[in-house]
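What follows is the residue order along each chain.
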Amino acid sequence: MGSLNKPDTFSLLNLVTRRGTDRGATRPNVSALARFQALDLLATLVAVVDADGQVLYANAALEDALGISRRSIASARLQDCFSEPVLLDNALQGARSNEFAALRYDAFLRRLNHDPLPVHVVVAQTEQTGEVVVEMLPLEQQTRQEREERLLDQAQANKELIRNLAHEIKNPLGGIRGAAQLLQMELQSKELIEYTQVIVHEADRLQSLVDRLLAPHRRPHVVGDVNIHEVCERVRALIVAEFPKGLKVVRDYDTSIPEFRGDREQLIQAVLNIAHNAALALAERIEAGDARITLKTRVGRQVTFGKQRYRLALELHVIDNGPGVPDSIKDRIFFPLVSGRDGGSGLGLTLAQTFVQQHHGLIECESEPGHTDFKILIPLP
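Description of the structure in this document.

Each value, and the rule that gives it
Residues numbered from 1 in each chain as written. Predicted model: local features only at pLDDT ≥ 70, side-chain atom pairs only at ≥ 80, totals over all residues. Heavy atoms only, no water. Helix = DSSP H or I, 4+ residues; strand = E, 2+ residues; numbered from the N terminus. Polar contact = N/O pair within 3.5 Å; in protein donor to acceptor, adjacent residues only side chain to side chain. Expected span 1.5 Å × (residues − 1). Buried < 20%, exposed > 50% of the residue type's maximum accessible area, 1.4 Å probe, protein only. Arc of directions from axis to C-beta. Contact = heavy atoms within 4.5 Å. Salt bridge = Lys/Arg side-chain N within 4 Å of Asp/Glu carboxyl O. Pairing = 2+ DSSP bridges. Axes fitted to C-alpha atoms, helices over the stretch in contact; angles between N-to-C directions. Left-handed = near helix turned anticlockwise from the far one by under 90°. Nonpolar A, V, L, I, M, F, W, Y, C, P; charged D, E, K, R; others polar.

Along the chain, the position of Ser 97 falls in the loop between α5 (85-96) and β3 (102-111). In terms of polar contacts, Ser 97 uses its side chain to reach the backbone carbonyl oxygen of Gln 93, at 3.1 Å.

This part is about helix α8 (residues 228-242). Here α8 is 15 residues long and its end C-alpha atoms lie 22 Å apart, about the 21 Å a rise of 1.5 Å per residue gives. Ile 228, His 229, Val 231, Cys 232, Val 235 and Ile 239 are the residues of α8 that are buried. Viewed along the axis of α8, the buried residues span an arc of 150°, placing them on a single side of the element. Buried residues along α8 sit against β6 (224-226), β7 (247-252), β8 (260-262), α9 (264-281), β9 (291-305) and β10 (308-320). Looking at where α8 begins, the residue whose side-chain oxygen comes 2.9 Å from the main-chain nitrogen of His 229 is Asn 227.

What follows deals with the pattern of salt bridges. The final tally for this structure, using the stated rule, is 10 salt bridges. With a shortest N-O distance of 3.8 Å, Asp 52 and Arg 96 are connected by a salt bridge. Here Asp 52, found in the loop between β1 (45-50) and β2 (55-58), pairs with Arg 96, found in helix α5; they are 44 residues apart in sequence, far enough to count as distant. Taking the relative accessible area as the measure of exposure, Arg 96 reaches 45% and is therefore partly exposed. The network of salt bridges with shared partners includes Glu 230, Arg 264 and Glu 265.

Bringing the sheet that holds β9 into the picture now. Hydrogen bonding along the main chain pairs the strands of a sheet, whether they run parallel or antiparallel. The 5 strands are arranged β7-β9-β10-β12-β11 in an open sheet whose pairing can be described as mixed. Single-partner strands in this sheet number two, and they are β7 and β11 (362-368). Between one strand axis and the next, the sheet turns through 20° on average, direction left out of account. Sheet analysis places β10 next to strand β12 (residues 371-379), joined by 8 bridges and oriented antiparallel. Across the sheet, the residue bridging to Glu 315 is Leu 377, located in β12. Packing against the sheet, α8 makes contact with β7, β9 and β10, and its axis sits at approximately 170° to β7. Lying on the sheet, α9 is in contact with β7, β9, β10, β11 and β12; it crosses β10 at an angle near 35°.

Spatially, the 5 strands line up as an open sheet ordered β2-β1-β5-β4-β3, and their pairing is antiparallel. Strands with a single pairing partner mark the edges of an open sheet, and in this sheet they are β2 and β3. Strand-to-strand, the axes of this sheet are offset by a mean angle of 25°, without reference to chain direction. As judged from the 3 bridges shared by β1 and β2, these two strands associate in the antiparallel manner.

A few words on the environment of His 360. Mapping His 360 onto the fold places it in the loop between α11 (348-357) and β11. A relative accessible area of 60% places His 360 in the exposed class. Sequence separation between His 360 and Ile 378 is 18 residues, and the spatial gap between their C-alpha atoms is 6.5 Å. With sequence-adjacent residues up to four places away left out, His 360 is seen in contact with Phe 305, Tyr 310 and Pro 379.

Our focus in this paragraph is the pairing of strand β4 (residues 114-125). Here β3 runs beside β4; their pairing, made up of 9 bridges, is antiparallel. Pairing of Phe 108 across the sheet is with Pro 118, part of β4. In this antiparallel pair of consecutive strands, β3 and β4, the connection spans 2 residues, and Asn 113 shows a positive phi of 65°. Of the pairings in the sheet, the one linking β4 to strand β5 (residues 131-138) comprises 7 bridges and is antiparallel in character. Paired with Gln 125 across the bridge in β5 is Val 132.

Residue position: Gln 79 is located in the loop between α4 (70-74) and α5. At 3.0 Å, the side chain of Gln 79 forms a polar contact with the backbone oxygen of Asp 52.

Moving on: the packing of α9 against α11. At a closest axis distance of 8 Å, the pairing of α9 and α11 adopts a crossing angle of 150°. Handedness of the α9/α11 crossing: left-handed. Residues Gln 266, Gln 269, Ala 270, Asn 273, Ile 274 and Asn 277 of α9 touch α11, and the partners they reach there are Gly 348, Leu 349, Leu 351, Ala 352, Phe 355 and Val 356. Split into classes, the residues belonging to the contact of α9 with α11 amount to 7 nonpolar, 5 polar and no charged.

Right under this line is the structure:
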C-alpha cells in the first residue's frame, strides 16, 4: 500500500537537501527549519530524523496530529511516538546499512489525549548522509482517497451505461407505444382496449424514467454566482412544506463561506434529493415527533478529493438521525436504480452525484444507525 503523497514529499526534500550540499558543506549550513520548511505545505505527516531516530524536523501536519509542539517533538526520538518503537528501530538500522531504498509498513502513532492513529509509514534515506525521512500517511485518509477514486470511476461508468441504455430503450419503446395505439383503434371489445391502454400507460411510465436518466446530460449547465445558504434555505423550505409535523430541519451555517460559480438549480436539486431521501427514511421518527435533519456548512482547507488538492472547499453536510443506510447497499447507493426503500426509483442520489461532479465536486456518505451524514464537497475560489 503506497503513499499517495510520496512524489511531493521526496521531491521537496531532495530539493532542500541539494540546496544545502551545493554550498559545499557535508551538512547544510542552515537551520533545519529553513531547510525543511517546504514540507509544511504537505498534508502528509513528515519527520526528518538522524540515523538514531532523533528528530531533526517535524512538519506542521505531524505537530497537529500528535497534539504536541514541534519543539517537543524535536527533543525526542521519533520511535517514542509509536506504539511499537522497535519497528522504526529496525527500519533505521536497515537504512544505516543501506539495505533498502524505501521501506513501508503499518503502525500506530501515539497521540496526546487521543486514541493511537493508524498510519502507513514510509522510511527512506535522503541524499544527505545519515539523514532519514519518515513519512506517515493516516490509513483513514488513504482509504478515503481510494474510496473517492472508486466513486469517480463508478460515476463515469454509470454515466456511459445510462446514456447508452436509455437510448437503446427509447427507440423500441416508441414503437411499442405506437403499435398499441394503432391496435386500440382497430379493436371493438372494451376489455381488449383496456389491455392496450395498460401497454400505453406502462410505455409512458418507462419513457418518463428514461427522460429522468437522461436529464442531467441534456440540460445545459447554467453558471452564475451561487450562495450556498440560499440553496440550503430553498431546500429547507421545500422539506418543511412537505413534512410540516414531526420533522425539525436544523441550520448550522458558516456564514463566512464565499459565493462561487455554479449552477444554482442543479445544486438545489442535488441537496433536495439527499434531504428528501433523508426525510423519507425518517418516517418512524416523524411519527414519534423526534425526526431531525441538519444542514451544516463549513469551509475545508487544504482538502484533497477527486485526485486534486484544493486550498479551500465547501463542505455541505446533510445529517439525519434515521436508521442509516442498509449495509447491503452501502457501497452501491450512488448506482442508478439502487434504492433502500420500497417504491423508490433509485435515481435521486445518482442524479445528485452527477450534478455535484459537474461542479468538480464529490458526495461522500458515512452512515450508522442514528446518524447518516452525506457530505458534499465543492472547490471554492
